[in-house]
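# Working through the structure, step by step
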Amino acid sequence: MEALIDRWANIRGRAMLLLLILVSALFLAAACGGGEKATAPAESITIKIADNTFETNWIENAIVKFIIEKGYGHQVEEVVLTTPGVQAALQNGDIDVAIEFWPGNMQDWYDEEIAKGTVVRLGDIYGGGDQFWVIPKWVSDQYNIKTVEDMKRPEVVQLFKDPEDPKKGVFYNCIIGWQCAEVNRAKFKAYGLDQYYNIMSPGASAALDAALVGPMKKNQPVFGYYWAPTSIYGGYDWYIIQEPPYTEECWAEVQKGRDDTNYTPQQACAYDTQPTLVMASKRFVQEGLPELVEFFRKINVGTLQVSETAAWAVENDIQGKWEKAAVHYLKTYEERWKTWMPEENYKKVKAALEKAEA
């Protein structure tokens, strides 16, 4: 009887030992991440996007920042850069994405880098962008100013008189550091307008806006460069100066003058309507998160929609708080942006919007 009891105790002891080993193994597997349901959440990363310091780009960046941070759980850092800075940073992988990129102002560079694969076109941020030279429409009507040649008439030049040099008019150029500033300089030489006008290149978009909007509000003549879609173009009554129509042959001449300040192009012409692209570095496309690459391929804010948002921002005087413009856009155009992402990410953005104030 005692032998039977001893045998049962041994069996029971071994069973308990095996049970302890099994339980320990299960705890160890869970602690080490074993099992399909025990995967850790993805680590948050930071996406670097270009800040080109103009209105629609600020709005687009704010939209992207809200969606990625609220819907995907990653951070967005905006890096202030000139156009050449954006080019170099994309090539080197120092930034991940440029959301509103105008390739026509640097077509040779764009074609070369796309061919080499150092930069990647992901999509179009909106349908297309226009650039032009403008004067107030009432000035065009009252003085019969229609073409580039009309801008050379002595009485017309005096309408746009440079306070620092009254013998010449003044033209408010594209912003210093943007390729369009050099394009306009080359076109002025080709047209011979440099003999009649001084070129004033502002250092920031706010300075260009002020140079154009101030006279418009005072009902005074002003001559300058601008582009669309923008709140300023949509919010005032402008006349676009007529130039010879765009051709590839003509634009090749303009580009020569753009790149060589000593060269006078043999001809010049109007800007072509350009695609406005979402561009990424090769490194981001190859090494970044696939779901974010796919998001940047799909995003398209729409020309009318971003123009309306820009006008809303001006009317409500948001003073650089571009997240408010992003919230306004996202609350207004939900049916558009919900198609840019999977359902689970859309729901997270939607929930964040319900708590946000425009």
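### Let's talk about the confidence of the model for the protein chain
When pLDDT drops low, the exact placement of atoms in the prediction is not to be read closely. Chain-level statistics for the protein chain give a pLDDT mean of 88 and a share of 88% at 70 or above. Predicted confidence is poor over residues 1-41, with pLDDT under 50, and the contacts of this stretch with residues over four places away or in other chains come to two contacts.

### Notes on the pairing of strand 1 (residues 46-51)
In terms of strand pairing, strand 1 meets strand 2 (residues 75-80) through six bridges, oriented parallel. Its bridge partner lying in strand 2, Ala50 is registered against Val79. You can see the chain leave strand 1, run along helix 2 (residues 55-72) and come back into strand 2, and the turn it takes is right-handed.

### Topic: the packing of helix 13 (residues 303-315) against helix 14 (residues 322-332)
Viewed as axis vectors pointing N to C, helix 13 and helix 14 meet at an angle of 135 degrees, and their least axial separation amounts to 10 Å. As the angle between them shows, helix 13 and helix 14 are arranged oblique. Our pair here, helix 13 against helix 14, has a crossing hand that is right-handed. Side by side, helix 13 and helix 14 meet where Gln305, Glu308, Thr309, Trp312 and Ala313 of the first sit next to Trp322, Lys324, Ala325, His328 and Tyr329 of the second. Grouping the constituent residues of the contact of helix 13 with helix 14 by class yields five nonpolar, three polar and two charged.

### Describing the environment of Thr309
Tracing the chain through its elements places Thr309 in helix 13. Using a relative accessible area of 0% as the deciding quantity, one classes Thr309 as buried. Sequence-distant contacts of Thr309, that is, excluding residues within four places in its chain, are made with Ile59, Ala325, His328, Tyr329 and Tyr333. Reaching out from Thr309, the side chain makes a polar contact with the backbone oxygen of Gln305 at a distance of 2.9 Å.

### Here's the deal with the pairing of strand 10 (residues 274-281)
Regular strands place side chains that alternate from one sheet face to the opposite one. Judged by how many residues are buried, strand 10 sits mostly within the fold: seven of eight residues are covered. Relative to strand 10, strand 3 (residues 97-101) runs antiparallel, the two being bridged by three bridges. Paired with Ala98 across the two strands is Met279, which belongs to strand 10. Sheet topology places strand 4 (residues 119-136) next to strand 10; seven bridges connect them, and they run antiparallel. Looking at strand 10, one finds that Val119 is bridged to Ser281.

Quick notes on the rules
- Residues numbered from 1 in each chain as written.
- Predicted model: local features only at pLDDT ≥ 70, side-chain atom pairs only at ≥ 80, totals over all residues.
- Heavy atoms only, no water.
- pLDDT = per-residue confidence, 0-100.
- Contact = heavy atoms within 4.5 Å.
- Pairing = 2+ DSSP bridges.
- Helix = DSSP H or I, 4+ residues; strand = E, 2+ residues; numbered from the N terminus.
- Right-handed = clockwise from strand over helix to strand, strands pointing away.
- Axes fitted to C-alpha atoms, helices over the stretch in contact; angles between N-to-C directions.
- Parallel < 35°, antiparallel > 145°, perpendicular 65-115°, else oblique.
- Left-handed = near helix turned anticlockwise from the far one by under 90°.
- Nonpolar A, V, L, I, M, F, W, Y, C, P; charged D, E, K, R; others polar.
- Buried < 20%, exposed > 50% of the residue type's maximum accessible area, 1.4 Å probe, protein only.
- Polar contact = N/O pair within 3.5 Å; in protein donor to acceptor, adjacent residues only side chain to side chain.

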